[in-house]
Amino acid sequence: VIIAKRHIHMTPEDAKAFGVEDKQVVKVKINSARTTVFDDVVCRVHPTYALAMHIDTDECNAACAFGEVYGEVIL
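First things first, this report covers the structure right here in the doc. (Residues numbered from 1 in each chain as written. Predicted model: local features only at pLDDT ≥ 70, side-chain atom pairs only at ≥ 80, totals over all residues. Heavy atoms only, no water.)

## Observations regarding the nonpolar core
Phase 1: Ranked by internal contacts, the top residues of the largest apolar core, which has 14 residues, are Ile-8, Met-10, Val-20, Val-26, Val-28 and Val-41.
Phase 2: It is strand S3 (residues 36-45) that contributes the most residues to this core, four residues altogether.
Phase 3: Look past the residues within four positions of Ile-8 in its chain and what remains in contact with it is Val-26, Val-28, Val-41, Val-42, Cys-43, Arg-44, Leu-51, Ala-52, Met-53 and Val-73. (Core = buried A, V, L, I, M, F, W, Y, C linked by side-chain atoms within 4.5 Å. Buried < 20%, exposed > 50% of the residue type's maximum accessible area, 1.4 Å probe, protein only. Helix = DSSP H or I, 4+ residues; strand = E, 2+ residues; numbered from the N terminus. Contact = heavy atoms within 4.5 Å.)

## Details of the side chain of Ser-32
Phase 1: Within the element layout of this structure, Ser-32 appears in the loop between strand S2 (25-31) and S3.
Phase 2: Not counting the four nearest positions on each side in its chain, Ser-32 is found in contact with Ala-63, Cys-64, Ala-65 and Val-69.

## A closer look at unusual backbone geometry
Phase 1: In this model, Asp-40 sits at a positive phi of 60°, which is unusual for a non-glycine residue.
Phase 2: With respect to the helices, strands and loops of the structure, Asp-40 is situated in strand S3.
Phase 3: A relative accessible area of 36% means that Asp-40 is categorised as partly exposed.
Phase 4: Phi angles above zero are rare outside glycine, and Cys-64 is one such case at about 50°.
Phase 5: Along the polypeptide, Cys-64 turns up in the loop between helix H2 (57-63) and strand S5 (70-74).
Phase 6: With relative accessibility at 25%, the residue Cys-64 sits in the partly exposed group.

What follows is the structure, given as structure tokens:
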């Protein structure tokens, strides 16, 4: 069993739009019932990826990030 490091999958086009590069570490502000800023989020860029942030279950529960939730990348 592992706990994956929190990360964002994105295409090269998404990365360009966000102003980030592969393996860059950013913060992400989650806009939910319990607004949370996640630090140490790795950007993973690849042409076949779909834009999505992955966090573990405990982080999801703490932020009340259920269903479709949007966030803001902070450089």
